[in-house]
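What follows is the residue order along each chain.
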Amino acid sequence: MHVNQMKPLLAAKKIATYGIILGVIIFFISLFVSDFNPNYYMSVFGIGVVIASMVFFGFGMFLSLADEVAGKQQKI
């Protein structure tokens, strides 16, 4: 992989990592603050941020791999 192809993947990796960390922090804070109350809107929000970050990372990886495959086909 060339450096130009790695830049978007590394950016997606950083953003996804920060999103997952933020989502886990929101999830645990909401559990401790609400004292395991059935009104768990913030817990769902934290889990949603984690899942969205994972999907974003997968999409970024897919685009990076598609770019690499397209580059190999042009060389042939």
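To be clear, the structure that these remarks concern was listed above.
Here we summarise the structure given alongside this text. (Residues numbered from 1 in each chain as written. Predicted model: local features only at pLDDT ≥ 70, side-chain atom pairs only at ≥ 80, totals over all residues. Heavy atoms only, no water.)

1. Topic: the overall build of the protein
Stated formally: For helices the rule is a DSSP run of H or I covering at least 4 residues; for strands it is a run of E covering at least 2, with both sets numbered from the N terminus onward. Note on exposure labels: buried denotes an accessible area under 20% of the residue type's maximum, exposed denotes more than 50%, and partly exposed covers the range between, all computed with a 1.4 Å probe on protein chains only. Two residues qualify as a contact provided that any one of their heavy atoms is within 4.5 Å of a heavy atom in the partner residue. Method for areas: the Shrake-Rupley scheme with a 1.4 Å probe, in which residue coverage is limited to the protein chains shown.
Counting secondary structure elements, the protein contains two helices and zero strands. By residue count, 22% of the 76 residues in the protein fall in the buried class. In the protein, of all internal contacts separated by at least 6 residues, the share reaching a separation of at least 24 is 71%. Here the protein displays about 6,000 Å² of accessible surface, and carbon together with sulfur accounts for 74% of that area.

2. Looking at the packing of aromatic side chains
What counts is decided by this rule: Pairing of aromatic rings covers Phe, Tyr and the six-membered ring of Trp, with a centre-to-centre limit of 6.5 Å; geometry is then stacked below 30 degrees between planes, edge-to-face above 60, and tilted otherwise.
Scanning the entire structure with this criterion turns up one aromatic pair. Between Phe27 and Phe28, the aromatic rings sit 5.5 Å apart at their centres with planes inclined by 65°, giving edge-to-face as the arrangement. Residue classification places Phe28 among the partly exposed positions, given a relative accessible area of 43%.

3. Looking at the environment of Lys14
Along the chain, Lys14 turns up in helix 1 (residues 3-34). For Lys14, a relative accessible area of 54% translates into the label exposed. With 43 residues separating them along the chain, Lys14 and Phe57 place their C-alpha atoms 9.0 Å apart.

4. Digging into a nonpolar patch on the surface
Condition: Every patch collects residues that have over 30% relative accessible area and no salt bridge, joining them within 9 Å if they carry like charges and within 5 Å if they are nonpolar side chains (Val, Leu, Ile, Met, Phe, Trp, Tyr). Any carboxyl oxygen of Asp or Glu within 4 Å of a side-chain nitrogen of Lys or Arg constitutes a salt bridge here.
A surface patch of nonpolar side chains, about 540 Å² in accessible area, is lined by Tyr18, Ile21, Ile25, Ile29 and Val33. Within the fold, Ile25 resides in helix 1.

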